Amino acid sequence: MSQKPSIPKGTRDFTPDVLLKRNYIFDTIKRTFNRFGFLPLETPAMENLSTLTGKYGEEGDQLLFKVLNSGDFLKDVDSSEKDYKKVIPKISEKGLRYDLTIPFARYVVMHRNEIVFPFKRYQIQPVWRADRPQKGRYREFYQCDADVIGSESLLYEAELLLIYDEVFTALQLPVQIKMNNRKILQGLSEVIGQPDKLTDITVAIDKLDKIGKEGVQKELQMRKVSEQGIRQIMQYLNLPFEQLETFMHGSEAGKKGMAEIREVQAFLSQTPLKNQLVIDLTLARGLNYYTGCIFEVQAMGVQMGSIGGGGRYDNLTGSFGISGMSGVGISFGAERIYDVLEELQLFPDNRSAGVQLLFACFDKEAQLFAMPLLQQVRQAGISAEIYPEPAKMKKQLEYADRKKINHVAIIGSDEIATSTLTVKNLQNGEQQKLNIQALIGYLSKAINLTAV
């Protein structure tokens, strides 16, 4: 009995129609990255587990997809061993990348003698996480990252926020861009007298949207934060940025975080954003490697998690042998952006992005006549194809309609005799006789109008 075909949970096939829309997103992002002087980079789908583990916090480590070693991977395993954490290093040395930032840091260290710093790179590739699939959350998904490494200048924070602003403006998707600073969260841990609980505090606050303030309190209790500290954290979560100075008076880290936010605001005051920028003190970004400004993007008018995020990291390359190399980066959540644009019906008509002309021929002689014309049309930059057999014209027109091809060039004995083509517009039903040069001119204009 044959097996029913399926794909793993949390993964998807992409139809041509969907890919045209996805490429619209990717192309918009790439154009913006290029304008801001970022260079493209790609890294392998697999990294050594030693590269990935310990970089994303305890929860992130649990979501890494491990790749089994080739051959008899069980030969070195004690069959009585029940602790999977002790077994994994013996059966798996590699893992699928969890994000693009850690592989980027690894790349920088390996190629540091070839790189001109500050190094600005962008990367658009799939990543994998062993998460529970749900709406807007997949196990295989694309990230679109832009990072600058080798400079502590807060000018780059401002530049990355401008990139967010330009991309979402180009996509005609209104967003709210949130900003906070991990030094402020560090200051919070110092103010409550438990600086060793910084990671516990950020992990708990990062869950605020999912579990609410009551849930955050319980999480903090579970993580052994003092009752007095929890009360102060709850007070902090209700503070506006303007009233934070007094709260942070005992923490130099907290004061520095506030100063960094003000400096980024000063840069942006010279080139105001078209979208809303909000200082959100509850923004935590649970990843451990962030040390400065952190960002998150929320789409307006739709229920969806963040569609972008990032921040400053001061020592991401330290575990790879180079300490003190500061960087800052952002990521676009392409899958969620797609879902939001689909829900809000913001994708442009993609009919002009596919095949734009079909040659429909009555017989073999007409096909032979069409072949050089087909090449002329393609060389003019127009996507075109010829129906492979001289079937009934109704069948050929139905094929064009199903493939969303706007125009059909019909060729029979009359067209061959007069060296003209009967060109039918399937959108409005109009029909006209054109020679090949006039057809190319007509289609070029029609395609440009559709694109606009």
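All figures in this text were calculated on a predicted structure; none of them were measured in a lab.

1. Regarding the overall build of the protein
Counting its secondary structure elements, the protein contains 17 helices and 16 strands. Once the C-alpha set of the protein is aligned to its principal axes, its extents read approximately 90 × 65 × 50 Å. Residues classed as buried in the protein amount to 50% of the 452 residues present. Considering only residue pairs separated by 6 or more positions, the protein has 69% of its internal contacts joining residues 24 or more positions apart.

2. So, the pattern of salt bridges
When the charged atoms of two side chains lie near each other, side chains of opposite charge can form a pair. Summed over all chains, the structure comprises 21 salt bridges. Here Glu-335 and Arg-12 are joined by a salt bridge, their closest N and O atoms 2.6 Å apart. Residue Glu-335 is located in helix 13 (residues 334–343), and its partner Arg-12 is located in the segment before helix 1 (16–35); the two are separated by 323 residues in the primary sequence. Glu-335 sits in the buried class, given a relative accessible area of 4%. Judged by its relative accessible area of 25%, Arg-12 is partly exposed. Asp-147 serves as the salt-bridge partner of Arg-121, at 2.8 Å between the closest nitrogen and oxygen.

3. Concerning the sheet that holds strand 15 (residues 421–425)
Taken together, the five strands give an open sheet; going across it, the order is 13-12-14-15-16, and neighbouring strands pair in mixed fashion. This sheet does not close on itself; its edge strands, each paired only once, are strand 13 (384–386) and strand 16 (431–434). Averaged over all neighbouring strand pairs, the angle between strand axes comes to 25°, with direction disregarded. Strands strand 12 (357–361), strand 13, strand 14 (407–411) and strand 15 of the sheet are contacted by helix 14 (residues 364–379), whose axis makes an angle of about 170° with strand 13. Along the sheet, helix 15 (residues 393–402) makes contact with strand 12, strand 13, strand 14 and strand 15, crossing strand 12 at roughly 170°.

4. Some details on the packing of aromatic side chains
Enumeration over the complete set of coordinates arrives at 14 aromatic pairs. Centre to centre, the rings of Tyr-56 and Tyr-98 are 4.3 Å apart; their planes meet at 40°, and the pair counts as tilted. With Tyr-56 in the loop between helix 2 (49–52) and helix 3 (57–62) and Tyr-98 in the loop between strand 4 (92–96) and helix 5 (101–110), this residue pair connects regions lying 42 residues apart in the sequence. Per residue, the accessibility class of Tyr-56 equals that of Tyr-98, and both read buried. Here the aromatic cluster, defined as three or more aromatic residues joined through ring pairs, consists of Phe-33, Phe-38, Tyr-122, Tyr-164, Phe-168 and Phe-332.

How each quantity is defined
- Residues numbered from 1 in each chain as written.
- Predicted model: local features only at pLDDT ≥ 70, side-chain atom pairs only at ≥ 80, totals over all residues.
- Heavy atoms only, no water.
- Helix = DSSP H or I, 4+ residues; strand = E, 2+ residues; numbered from the N terminus.
- Buried < 20%, exposed > 50% of the residue type's maximum accessible area, 1.4 Å probe, protein only.
- Contact = heavy atoms within 4.5 Å.
- Salt bridge = Lys/Arg side-chain N within 4 Å of Asp/Glu carboxyl O.
- Pairing = 2+ DSSP bridges.
- Axes fitted to C-alpha atoms, helices over the stretch in contact; angles between N-to-C directions.
- Phe/Tyr/Trp six-rings, centres within 6.5 Å; stacked < 30°, edge-to-face > 60°.

Just distances and angles here, no functional claims.
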